[in-house]
Each structure stands twice: as structure tokens, then as C-alpha cells.
Amino acid sequence: MADGTGDGATRGPVVWAMAVREAVQGPPVAELIVEVGVNLHADLVEAAVDSGFTVAAGEPPATTGVIEVGDGRVERLLLVGGRQGWEPGSRVEVSPRWLAAAEGRGEAVVVVVPPQDWPLGPTDEDLGARVGTFTRWVEEQRVAGRVLHGAVSVRGWA
């Protein structure tokens, strides 16, 4: 079972971000954005594709993926019918707004982005500006076809 929590020097980091995106129609969309290190990226992409993820264009397809939530955080992302689990190396908080969006739609969207490209910007930059930069970057990656996405169920509801 892949977990992404091994030795960061040999396996690479696993970075998670939670977002709530307003939808054109219907309730907001809960998103879990995942980046893994170069050494794990091919494994994550293969597992995501085997679970039904596609290149992020149009609506995300239904997949066999599951996000497990408990104790106010993401515990793991299960792929390939639960045979592969990807766990964050540090606590990833789940906001009440994210949970409400996931409950409102009955699912969340997982977005798998390419490794080592997060536009973090200067740490002294305003948080709102950093979030805006990151949001634009994810959209650029989607348009360029470098991102996979899929709709997954959410289990646990913190």
C-alpha cells in the first residue's frame, strides 16, 4: 500500500490543500488538491487513472476513490478500490465549510497536480494574495492538461 509518508528524501513530499470552489450551478464544490514528490508522482497518477480519474477538463468523472475524514482532518485518500492509500505527512484540517460543500454534493473532487510546482511566493505576502496566486496556478495547470481530477466519496464526516 503506497502511503506517501515514507522518508521524504527518497520518496518525496506529499502536499495537500483544501479548497471550496463556487459552482456555476448547485452547491459549492469541495476540493482536495494533492501533489506528491517526483518519485511518487507516476504511482499516484497510475492509481488515480485506475480509479477513474481523467485529465481535468469539463466535469470530474465519478471514480472509485474515497477520502476518509476523522477527528477534523483528512486521514487518507483511498484509490484503486481501496487497495492504495495515500496519507498526508502532517495534519490536514477539514473546515466546516469544506465538509458542508462535500455533504451538499455528496462527494468531493480530488485534483492531482504535477510535482514541485506550487507557486508559494514570499512568506511575508498577504495570505489572500498567496491564495489567489495558487488558485490561478491550479487553473493554469488544468488548462494545460497537466492535472487529473475525479469525484470521490467522503467517508467519516469528522
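Parameters and conventions
Counting from 1, residues in each chain are numbered in the order their sequence is written. Per-residue local features are limited, in this predicted model, to residues with pLDDT of at least 70; the limit for side-chain atom pairs, both in listing and counting, is 80 or more; totals at the level of whole chains, interfaces and linings are taken over all residues. With hydrogens and water set aside, each side-chain value is computed from the structure's full complement of heavy atoms. In these notes, a set of buried Ala, Val, Leu, Ile, Met, Phe, Trp, Tyr and Cys residues joined through side-chain atoms within 4.5 Å is what counts as a nonpolar core. Burial classes follow relative accessibility: with a 1.4 Å probe on protein chains only, a residue under 20% of its type's maximum area counts as buried, one over 50% as exposed, and anything between as partly exposed. Each helix is a run of DSSP H or I of at least 4 residues and each strand a run of E of at least 2, with the numbering of both proceeding from the N terminus. A 1.4 Å probe that fits but cannot get out identifies a cavity on a 1 Å grid over protein atoms alone, an open set with protein on both sides within 12 Å along at least five of seven lines counts as a pocket, and a residue lines either if it has an atom within 4 Å of a point. Grid points are joined across faces, edges and corners, and a volume is the space filled by probe spheres set on the points. Here the nonpolar group is Ala, Val, Leu, Ile, Met, Phe, Trp, Tyr, Cys and Pro; Asp, Glu, Lys and Arg are the charged ones; every other residue, Gly included, is treated as polar. Every residue carries a pLDDT, the predictor's confidence in it, which falls somewhere between 0 and 100. By definition, residues are in contact when any of their heavy atoms lie within 4.5 Å.

Draft legend 1. How the structure looks around the nonpolar core. The biggest cluster of nonpolar side chains holds 31 residues, and the ones touching the most others in it are Trp16, Ile67, Leu79, Trp86, Trp98 and Val110. Those elements that provide at least two residues to this core are β1 (14-21), β2 (29-36), α2 (38-50), β4 (62-70), β5 (73-79), α3 (96-105), β7 (108-112) and β8 (148-155). Residues Val29, Ile33, Ala56 and Val111 belong to the second largest nonpolar core, which totals 11 residues.

Draft legend 2. The environment of Glu35, seen in detail. Within the fold, Glu35 resides in strand β2. The class of Glu35 is buried, set by a relative accessible area of 4%.

Draft legend 3. Layout of the layout of surface pockets. One number sums up the size of the second largest pocket: a volume of about 370 Å³. Contributing to the lining of the second largest pocket are 20 residues, with Arg21, Val29, Gly58, Glu59 and Pro60 lying nearest its centre. Put simply, the parts of the chain that give the lining of the second largest pocket at least two residues each are β2, β7 and α4 (127-143). The element best represented in the lining of the second largest pocket is β2, accounting for three residues. Looking at the lining of the second largest pocket residue by residue, the class counts come to nine nonpolar, three polar and eight charged.

Draft legend 4. Broad picture of the confidence of the model for the protein chain. Across the protein chain, the average pLDDT comes to 82, with 82% of residues at or above 70. Within the model, pLDDT remains below 50 along residues 1-11, and this stretch shows 25 contacts once partners closer than five positions in the same chain are excluded.

Draft legend 5. Examining the environment of Glu46 more closely. Here Glu46 shows up in helix α2. Along the sequence, Glu46 and Leu79 sit 33 residues apart, while their C-alpha atoms lie 9.8 Å from each other.

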